Amino acid sequence: MAGEIDKILWDVAIVGSGFAGALIANELGKGRRRVIILEAGEGIPPNINKYMSRFYSAIAKVPESPYTPEIFGRERKLIDPAIVAAGRPTVVSLGAKNWRNPKEAYLIQTGPRPFGSTYDRVAGGTSHWLGTCLRFAPNDFKMKSQYGQFVDWPIEYKDLNVWYEEAEKELGVSADVDEQRYCDIEFSPGYNYQMPKIPNSTTDQYVNESLNRDPLTEVETGFLGMGKPVTKIPVRGVPAARNSAPYRNRRACAGNTNCIPICPIQAKYDPTITLNDARNTGSVTFKERSVAYDIVVGANDLVTEIKYKRYETETGKETERGSIKAKVFVIAANTIETPRLLLMSTNGGRTPRGVANSSDMVGRCLMDHPYYVVWGLSPKKIYPYRGPLITSGIGDLCDGPFRRERAAFRVDIGNEGWNLSGDPNVTTLDFVNGLNKSGLNAPPERRHTPLGDEALFGKQLVDKLNEKFTRQFRCGFLIEQTPDRDNRVTLSSQFRDGLGLPRPQISYNLSDYTRRGFVAAHRMKKLLFRKMGLDDFTKVADDDPTRFDEEIDGELVRLNYIGAGHIMGTCRMGDDPKQSVVDKFQRSHDHKNLYLVGSSTFPTGATANPTLTLAALSLQTARHILDTDFRR
Amino acid sequence: MGGSLPNKHPIAPNAIEDEPAGVVTRRTVLTGAAAVTAAASVGTALDTPAGAQSVDVNSQEHMVLFVLLSSALTGIPPEKLAPGGFKLQSPNPPAPTPPIDLSKSIPGFDPVDVKREYLTRANEKCPAALEYLLQLVRKNLNASNRDEAIIAALQFDDDDKTKRPADVDAQYLARSIVLMWYLGAWYEPAELKALRKDLPTDPTRVPKFEVVSPKAYTQAWALRVAQAHPMGFSEMQFGYWTRPPNPRTDFI
Amino acid sequence: MRTKHSLAVGMIGIFAIVGLLGWTASAQAPPPASATLACDDDPPPDTTPIDAALLIKGVPCAEKVNPGSGDTLANLQRGFDFYSWLTFLALNAPADGSRIDQAKPNTPTKWEHPSNFKQLLDVMLEDGRASKWTDKKIVPPECLVQYNKLKGQVMVIEMIEESFNEPFKTGPLIDQQGNYAIFDILMNKSMFDYIQKHNLQSKVGQQSKENASLKVDFPAGANKGQEGHANMPPGDPGAVMIKVSWKVLDAPAERQNFHTVDALVLMPLDPKETAKRPCVRKTLGLVGFHVGHKTVVRRQWIWTSFEHKKNVPEQQEVESKQERGPYNFYKVGCDPTQCPVNHTPPTPWDPKYKNGLKFFDSEFRSQITRVVPLTDKTKDMNKQFQDILGNTVWKNYMLLSTQWPSDFNCAKQKDASTPPPPEPATDFKKEPDMNCAPAPTFLANSTLETYSQGTDPLASSSCMACHGNAVSQQVRPPDMKPEGFFNQSDFTFMLEKAQSKRRR
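## Here's the deal with the overall build of chain A
Per the secondary structure count, chain A includes 13 helices and 19 strands. By the compact-globule yardstick of 26 Å for 632 residues, chain A fits well, its C-alpha radius of gyration being 24 Å. Reported as C-alpha extents along the three principal axes, the dimensions of chain A are approximately 70 × 55 × 45 Å. Every one of the 632 residues in chain A was classed for burial, and the buried ones make up 61%.

## Brief notes about the overall build of chain C
The helix and strand tally for chain C stands at 9 helices and 9 strands. Residue pairs in contact within chain C that sit at least 24 positions apart in sequence constitute 71% of those at least 6 positions apart.

## Observations concerning the confidence of the model for chain C
The pLDDT averaged across chain C works out to 85; a share of 82% of its residues lies at or above 70. Confidence drops under a pLDDT of 50 for residues 1-38 of chain C, and excluding neighbours within four residues, the segment shows 99 contacts in the predicted structure.

## Considerations on the environment of Y308 of chain A
Residue and element names in this part refer to chain A. In this structure, Y308 sits in strand 7 (residues 303-311). Along the backbone, Y308 and S201 are 107 residues apart, and their C-alpha atoms lie at a distance of 47 Å. Leave out the neighbours within four places in its chain, and Y308 touches L38, S290, V291, A292, Y293, R321, G322 and I324.

## Considering the interface of chain B and chain A
Counting residues at the interface gives 48 residues for chain B and 43 residues for chain A. When residues of the side of chain B that touches chain A are traced back to their parent elements, those giving at least two are helix 3 (60-74), helix 7 (146-154), helix 8 (165-183), helix 9 (189-198), strand 2 (210-211) and helix 10 (214-218) of chain B. Sorting elements by how many residues they give to the side of chain B that touches chain A places helix 8 of chain B first, with 5 residues. A per-class count over the side of chain B that touches chain A returns 33 nonpolar, 10 polar and 5 charged.

## So, the pairing of strand 8 (residues 318-331) of chain A
For a regular strand, the rule is simple: side chains alternate between the two faces of the sheet. All names here are of chain A. Bridge count between strand 1 (residues 9-15) and strand 8: 6 bridges; the pairing is parallel. Among the inter-strand pairings, L9 is bridged to a residue of strand 8, identified as K325. Turn length for the strand 7-strand 8 hairpin, with the two strands adjacent in sequence and antiparallel, is 6 residues. Both strand 8 and strand 19 (residues 594-596) contribute to a ladder of 3 bridges, which runs parallel.

## Re the domain arrangement of chain A
When the parts come together, some accessible area is lost, and that loss is often what is quoted as the size of the interface. Residues and elements named next belong to chain A. You can read the domains of chain A as domain 1 (2-129 + 269-367 + 486-509 + 568-629) and domain 2 (201-234 + 370-479 + 512-560). Computed from C-alpha coordinates alone, the two centres of domain 1 and domain 2 are separated by 34 Å. A breakdown of the residues in the side of domain 1 that touches domain 2 according to their chemical character gives 4 nonpolar, 2 polar and 1 charged.

## A word on the interface of chain C and chain A
The partner chain A presents 24 residues to the 26 residues of chain C that form the contact. Looking at side-chain class alone, the side of chain C that touches chain A contains 10 nonpolar, 11 polar and 5 charged residues.

## Topic: helix 12 (residues 512-532) of chain A
All names here are of chain A. With 21 residues, helix 12 extends 30 Å from end C-alpha to end C-alpha; this agrees with the ideal 30 Å at 1.5 Å per step. Looking only at helix 12, the buried set comprises T514, G517, F518, A520, A521, H522, M524, K525, L528, F529 and M532. G533 sits one or two residues past helix 12 and shows a positive phi near 70 degrees.

## Remarks on the packing of helix 6 (residues 127-139) of chain B against helix 8 of chain B
Residue and element names in this part refer to chain B. In the contact formed by helix 6 and helix 8, the axes pass within 9 Å of each other and the chain directions differ by 85 degrees. Put simply, helix 6 runs roughly perpendicular to helix 8. For the pair helix 6 and helix 8, contact is made by A129, L130, Y132 and L133 and by A166, D169, A170, L173 and A174, respectively. For the contact of helix 6 with helix 8, the residue count by class is 8 nonpolar, no polar and 1 charged.

## Structural notes on the pairing of strand 6 (residues 290-297) of chain A
Residue and element names in this part refer to chain A. Of the pairings in the sheet, the one linking strand 6 to strand 7 comprises 7 bridges and is antiparallel in character. In the strand pairing of strand 7, I295 is matched with I306. The hairpin turn running from strand 6 into strand 7, its antiparallel successor, is 5 residues long, and N300 in that turn takes a positive phi close to 60 degrees.

## Considerations on the sheet that holds strand 3 (residues 108-112) of chain A
All names here are of chain A. The mixed open sheet is built from 3 strands, whose spatial order is 3-14-13. Either end of the sheet is taken by a strand with one partner, and the two such strands are strand 3 and strand 13 (488-496). Shown here is a sheet whose adjacent strand axes are inclined to one another by a mean of 30 degrees, direction ignored. In the sheet, strand 3 pairs with strand 14 (residues 502-508) via 4 bridges, with the strands oriented parallel. Counted as the bridge partner of P112 is Y508 from strand 14.

## Observations regarding the environment of D536 of chain A
Residue and element names in this part refer to chain A. Relative to the helices and strands, D536 resides in strand 15 (residues 535-536). Taking the C-alpha atoms as reference points, D536 and P444, separated by 92 residues in sequence, lie 10 Å from one another. In this structure D536 touches G376 and F529, once residues within four positions along its chain are discounted.

## Quick word on unusual backbone geometry
The peptide bond linking I260 of chain A to P261 of chain A adopts the cis configuration, its omega dihedral lying at 10 degrees. Mapping P261 of chain A onto the fold places it in the loop between strand 4 (236-237) and helix 8 (271-280). Here the residue pair E431 of chain C and P432 of chain C is connected by a cis peptide bond, since its omega of 0 degrees sits within 30 degrees of zero. If you check the backbone angles, D553 of chain A has positive phi at about 50 degrees while not being a glycine. Its place among the elements puts D553 of chain A in the loop between strand 16 (548-552) and strand 17 (555-559).

## Section: the packing of helix 3 (residues 72-92) of chain C against helix 8 (residues 376-387) of chain C
Residue and element names in this part refer to chain C. Close contact between helix 3 and helix 8 brings their axes to 11 Å; oriented N to C, the two are set at 30 degrees. Classed by the angle they form, the pair helix 3 and helix 8 counts as roughly parallel. The way helix 3 lies across helix 8 gives a crossing that is right-handed. Residues A74, R78, D81 and W85 of helix 3 touch helix 8, and the partners they reach there are K377, T378, M381 and F385.

## Thoughts on helix 8 of chain A
Residues and elements named next belong to chain A. With respect to burial, helix 8 is a largely interior element, 7 of its 10 residues being buried. Where helix 8 is buried, its residues meet helix 2 (19-30), helix 5 (157-171) and strand 5 (284-287). Note on helix 8: the residue one or two positions beyond its end, G282, has a positive phi of about 85 degrees.

## Focus on the environment of G131 of chain A
Residues and elements named next belong to chain A. Residue placement: G131 occurs in the loop between strand 3 and helix 4 (143-147). C-beta crowding within 10 Å serves as the criterion here: with 27 such atoms nearby, G131 is assigned to the buried category. The spatial distance from the C-alpha of G131 to the C-alpha of L171 is 9.5 Å, given a sequence separation of 40 residues. Non-local contacts of G131, meaning those with residues more than four positions away in its chain, are made with A240, A241, R242, C259, K268 and Y269.

Reading the values: the criteria
Residues numbered from 1 in each chain as written. Chains lettered and ligands numbered in written order. Predicted model: local features only at pLDDT ≥ 70, side-chain atom pairs only at ≥ 80, totals over all residues. Helix = DSSP H or I, 4+ residues; strand = E, 2+ residues; numbered from the N terminus. Rg over C-alpha atoms; globule rule 2.2 N^0.38 Å. Buried ≥ 20, exposed ≤ 12 C-beta atoms within 10 Å, placed from the backbone. Contact = placed C-beta atoms within 7 Å. pLDDT = per-residue confidence, 0-100. Nonpolar A, V, L, I, M, F, W, Y, C, P; charged D, E, K, R; others polar. Pairing = 2+ DSSP bridges. Domains from an automatic or database assignment. Expected span 1.5 Å × (residues − 1). Axes fitted to C-alpha atoms, helices over the stretch in contact; angles between N-to-C directions. Parallel < 35°, antiparallel > 145°, perpendicular 65-115°, else oblique. Left-handed = near helix turned anticlockwise from the far one by under 90°.

Okay, here's the thing in structure tokens:
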């Protein structure tokens, strides 16, 4: 069967069917180009029944939990990535004991700090996304010229505006355009988002009331370094690809509070929708369980073919090999798998540093949004665990003169209480079995003792759980990360996957600039907690591998982070082929018929979720391919 | 629904649903009586205090006891745990006053029927402790403070020397049952006991559990008690989250 | 004296029969036969007998429900299933008033008559304009010539995406002759009147300021003697909506086993095409039949689903090699590697003008099984009803099940300190379960929810769980507080289809 697709000279071959791959395939398909998509993971099932039952049954409801490949094998042990054909990192292999254990962790992490983000290899790889569709702010594209930091993008906000609109239309975004005008973000005259904004939650309302009840003073907000007095910090709705009205045959949100990892009613857009549209054009062929492993470069530095391996079962071996020939090639395999593929392709020594890598930048400047999560208990009931996971946030602090000195941040307001740390299971178990993992089952002076004071039954249990759950609060800070040459993806020389391919090796650290961003975020947290009257339950374990301590306002504070799932930077775009991998249309400087797409091309990471921006860039690239590579 | 319809006919249309036993033709009363007699003979056998009866998950009486037990332990009313007409019957209708006749009581018939999964699981894993617990309910069946009595028998310290192993097993199974109802997950009683022993010296120990079934997860009470819903399973309408929730009594 | 013994809540369905009999302009109900019903006996039998008298007696006695003994749920289910059968028979009874147990395959039914039901696209018109129930059928220009030649004695189906692609674009269904199955949606006058009254037939109308505070609440039917829904006369059946699936019957021999219609089918618009949209004349056979009926005691509607009995085998029959073909959407003996079961067809799914209603891949056939079997009780009831339908095609149809809201008290708020829910009590502020515990939890028609069959919570097909998510196109004006805005569309997706622009 591999034989059939190998015999055709395709117009375009795309590796990866996630956001970027699906969007580009759809545009090319509509433009009547013959497209083949190679997808390393499983195909898309006719319904999400199995995903949902897998999710409901999962003991760890991590972002990967509904999807394949399976995470756990027999006796609840993590499956060794060495036998998985197309594996991926998971949250459960990011603990203190196993983040550097190659028998449990797919990524070979050399540190010094853990890289905390994960991805999937099916259903778009980020079907588990939250749905947030924030645009970058204009200054995000100009860090060098504005703030003397990092580099400028080869494009500006105004270049991308029309593509943001196209991406928003394709995804279907719910937001109020007036509310989204901040940090110089502007819209075309008369532009409206596709659907009305998602209503804010009772938790959002409390945050806003508390923070902005009285005008804020310079003493309170001076630390932000905004360059002007900050008397109000608005809590704004977050634009989301989540239906608030009928749109393109999908249902409106019913507040399942499960966006990550999967919306049970597909009210949240995910790339399988565009992938299905792409396949429906009649011009796009999709091949699952096909792992690209070698990009072959021929005469004139043009890519001539991509070799791939196939497998039948998740932990099975390679079953066949093939090779795709096309006129144009697009690698959309995500920010870790794309450079992995490029680096693996040495063409018998002709491309010793890998394909598209004359700049030596492939794999470098790996970025995430280190995500600083804080926890509190509110004095009054705010009714979390209701609505989408996040409906509002604080974006106004994402830009300002302070960026000369320290990283910017955005604030996510969680609607899911303490779910990220295991609730409702943890607190329920505490009060039924007399434990104190949550810290709620003992007075503050014994907050960290492992055994709790009460083991309850009956009405007392009901009252206690109601009283606790309804007051739980958490928020997160997405902090801009420095694009650092030494934060990079390389190939492990020692560890391979089930198909015999070298696994990605990661080195990762946080810069001083980013850590100063954490300091500011912590100060913001203190302001917020004071205004909301929250009892602080933030706790950093002694052996948390992401832990670092900073002296802030006279006290030594333990900080930590998790990955936001926003992986960026390893094939950065730029005008200078010596300093970048692709140009502003995401075409490789080295190979004129090769495009590298997705958030791997971001030269800087800013603070906004990357999906909408990568979607906009993908649509621009698709148009570019149609207009230049296939000019009629 | 039932209350809003006028009772114009001698046999009111709504009567059937509001009072499950209210089928009122002479013939059906006779049929019903026959059923009572048939069940009563089984019922009397169960009343023997000897206690060593194995639990039958298909027995309506055992299910009624299990629901009463679960309600006492979880603090959630039995009609919520067992929707679809749960009813305790005494021999003299209309008001259920002691003594309760288990053989005529109705465990409730609802389409989801998660109570059956929980009773089955508890019986498979800890049959002896389950019998102990059902016997505890039976002993207190007609007490005016039934729930409190059941709870009092199961709340004691780990180091209470007056308690026998059977008491301790029952206490921990009781907790496992509560966790099933609250989380849709099965925590072995032995695991619960071990956690209390291990955590002081190994605070990073992770509890072992398994989800009973996807259905059980979606019927979990922990977040309903908080006027919300299990994550990933909302049966509510767009925009509900922008309003404070309905009163707690709508949920429990 | 007639004794009404026990009344299933589906009693409303009985009045659906009466109501429809009364409406048909041309119908003259035959004088009631003198047959008495067994339920008039004293003492009455245990259950309502299912015999031919049911078909002609004006108001038959309802199924005895008897929830007090044994399995209450099963008893009530039986009551609803009985009601579903009577509804099916009432809607499919001949429009000319003759007996259904003497009908021919192509005898037009009551629901096909324009005085009883209208197709969705005849209500949600281009430009969203208002219309009257008595307006004549708007025939697409591409079909006009054929329509006039047939003097209007033909069904016209103007296809849109939902006419061939199952809900939420889950995929088309291809029969054993390589033809698309076709789907259509209709509403009765109660629904139509409500839509027109509130200007919901257009997108602009739904989005208007006047409608911002409307809580969509279709009229609910009530028995005579029951307190009716606001402004509705008791005895009016209330809102009824229908979704049907058709199979193309090219071979005359096939037409003896289905209820058939002569139809003009306008192909769905293909924006890439320059050619004119083909309007093809086809004989269609009924293979699937959904009814949604709103009643005062079941404000979350009652959901009925029927199928042709030879659509698909049950999964368990296949596993035990007991399937007995031929089937409409399954090939006996085809190996799963050749005929993967319950898989969607290969892409592209959209019909092509040049192929008409034939799928582009002429080899492909959908291989479908029923994942959740019918209960034995339903099968028994099906047999009994099929037996009274004489030698007509109607004995080839079977009930799958009825989904109904089983939590009778779920609309009530019990906390005295809060005011009662605003009228309507349908589903606007109900927590935690606005669907009121649907029984059974899952229900799927093999032709209409082909690819989402199963028992996985929320993911697998359930009429009420899915329809409960339906919202309108209403918009909250800036001066209305978010907590006061409701856009539930009362369990129907029809309002989504209101337009403002030209469709062509």
